[in-house]
Amino acid sequence: MHLEHLGIAVSDLTAARKLYTKLLNVAPYKEEVVEDQGVTTLFFMAGESKVELLEATRPDSPIAKYIEKRGEGIHHVAFEVKDIHAEMERLRKEGFRLLSEEPTIGADNKLVCFVHPKSAGGVLVELCQSRS
Ligand code: CO
């Protein structure tokens, strides 16, 4: 398991694109809409890890709700795993609350699953596995 990316909720992707391009001194390599999550994602490489900017595509998107409650900022921490099904099973047995029964298809060609922040010390944790 290794840190794959940080997910950062932003309210204005155009402004955030400029800010993070300057901050990380690198241009984003991918923009992708994940319709069932209601987000537009923008990815930057930052050394071995990535930064994923998340902008809501609609008012009832989880990202819109998150920003309404807590403002912009770090939204989730994502760890890449080799076998997401096995890892989900392991975490369930350890008593963690998962937000879905099965992995879903996320951005950047990944299978993803989220761990509820209430069972993970206040941090929304994403598990991801490359689909290639
Ligand atoms: Co993510």
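Just so it is clear, the structure is predicted and the values come from calculations on it, not from any experiment.

Procedures and definitions
Residues numbered from 1 in each chain as written. Predicted model: local features only at pLDDT ≥ 70, side-chain atom pairs only at ≥ 80, totals over all residues. Heavy atoms only, no water. Pairing = 2+ DSSP bridges. Helix = DSSP H or I, 4+ residues; strand = E, 2+ residues; numbered from the N terminus. Axes fitted to C-alpha atoms, helices over the stretch in contact; angles between N-to-C directions. Contact = heavy atoms within 4.5 Å. Polar contact = N/O pair within 3.5 Å; in protein donor to acceptor, adjacent residues only side chain to side chain.

(A) Just the sheet that holds strand S6 (residues 104–106), in detail. The strand order across the open sheet formed by 8 strands is S2-S3-S4-S1-S5-S8-S7-S6, and the pairing between neighbours is mixed. Each edge of the open sheet is held by one strand with a lone partner, namely strand S2 (30–34) and S6. Within this sheet the neighbouring strands show an average axis-to-axis angle of 35°, counted without direction. With respect to the sheet, helix H2 (residues 62–70) is in contact with strand S1 (2–9), strand S3 (39–46), strand S4 (49–56) and strand S5 (73–80), its orientation differing from that of S4 by roughly 90°. The strands touched by helix H3 (residues 84–93) within the sheet are strand S7 (110–115) and strand S8 (125–130), with S8 carrying the most contacts at an inclination of about 155°.

(B) Region of the structure containing the environment of Glu 31. Along the polypeptide, Glu 31 turns up in strand S2. Separated by 42 residues in the primary sequence, Glu 31 and Gly 73 place their C-alpha atoms 19 Å from one another. Each residue touching Glu 31, except ones within four places of it in the same chain, is listed here: Leu 13, Arg 17, Thr 40, Thr 41 and Leu 42. Polar side-chain contacts of Glu 31 include one of 2.4 Å to the side chain of Arg 17.

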